[in-house]
Amino acid sequence: VDMERVWFGVLFAHWIWVGPLCMVSSLVSIGLVVGMVPALTAAAAGIFILCVFFPLGRLIAEARRRLVGQTERRMKLINESLLGIRVVKMYAWEGAMQQRIDAARGLEMEHLRVYLLLRACNTVFSFAGPTLMAFVVLVAYTQVGGELTIQKTYSIFAFLNAIGVDAVCMDIWQ
């Protein structure tokens with residue numbers, strides 16, 4: 001475990017209990033502002049988003065494991081070539097060693113590309129979640145006959161942005 005992850009653990013460990021508490025309080029506050037039907041639809045949208053987050057988190061963890069394993073294999077190759085540099089030079093194996101290291105680096109780059117793509121998808125869902133929930137809440141509120149005002153819309157967005165901050169802070173763990 002690298003120290004950056006440990007430091008993030010120290011900084012963001014409290015989001016394990018604060019995050020869900022803030023999410024529930026934000027949904028209750030939305031229910032008080034616009035009614036329970038839009039708040040429940042926001043909760044359903046949030047549950048849908050969480051159902052996307054959990055498998056994506058597992059995929060990210062698996063991609064990270066593969067990336068770290070491939071990086072270790074490449075570093076082992078480099079270390080072996082450096083330790084045996086005299087033998088490599090004596091038998092003119094520089095080209096063969098370079099090809100092996102390049103092949104390992106190519107595999108590592110492929111794993112890195114997959115990992116970064118999954119992280120990018122996770123980040124998009126983190127920031128798009130509150131927007132999707134706002135859309136669902138506003139549509140549900142107008143469908144039950146509510147009249148949108150600036151105050152209600154602003155309040156909804158403020159509560160949902162609080163949920164977005166929770167989601168982003170809890171995303172640090174992946």
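What you see is a predicted model; the values in this text were computed from it and never measured.

Moving on, we get to the overall build of the protein chain. Within the protein chain one finds 6 helices and 0 strands. Seen in sequence order, the protein chain has helices and strands lined up from the N terminus as α-α-α-α-α-α. In terms of overall dimensions, the protein chain is more spread out than a globule: its C-alpha atoms have a radius of gyration of 24 Å, far above the 16 Å expected for 174 residues. In terms of overall dimensions, the protein chain has a C-alpha envelope of 85 × 30 × 25 Å along the principal axes. Looking at the protein chain as a whole, 31% of its 174 residues qualify as buried. Taking the intrachain contacts of the protein chain between residues at least 6 apart in sequence as the baseline, contacts between residues at least 24 apart amount to 81%.

All told, the structure shown has 5 salt bridges when counted by the stated rule. When the shortest N-O distance is used, the salt bridge between Glu62 and Arg65 registers 2.8 Å. Placement of the pair is Glu62 and Arg65 together in helix α3 (residues 36–83), with a separation of 3 residues, close to one helical turn. When the shortest N-O distance is used, the salt bridge between Arg113 and Glu110 registers 2.6 Å. On the criterion of helical spacing, the pair formed by Arg113 and Glu110 is a turn pair, its members being 3 residues apart in helix α5 (residues 94–143). The class of Arg113 is exposed, set by a relative accessible area of 51%. On the basis of relative accessibility, which here comes to 39%, the residue Glu110 falls in the partly exposed class. One salt-bridge network, held together by shared partners, links Arg74, Arg105 and Glu108.

Rules of the game
- Residues numbered from 1 in each chain as written.
- Predicted model: local features only at pLDDT ≥ 70, side-chain atom pairs only at ≥ 80, totals over all residues.
- Heavy atoms only, no water.
- Helix = DSSP H or I, 4+ residues; strand = E, 2+ residues; numbered from the N terminus.
- Rg over C-alpha atoms; globule rule 2.2 N^0.38 Å.
- Buried < 20%, exposed > 50% of the residue type's maximum accessible area, 1.4 Å probe, protein only.
- Contact = heavy atoms within 4.5 Å.
- Salt bridge = Lys/Arg side-chain N within 4 Å of Asp/Glu carboxyl O.

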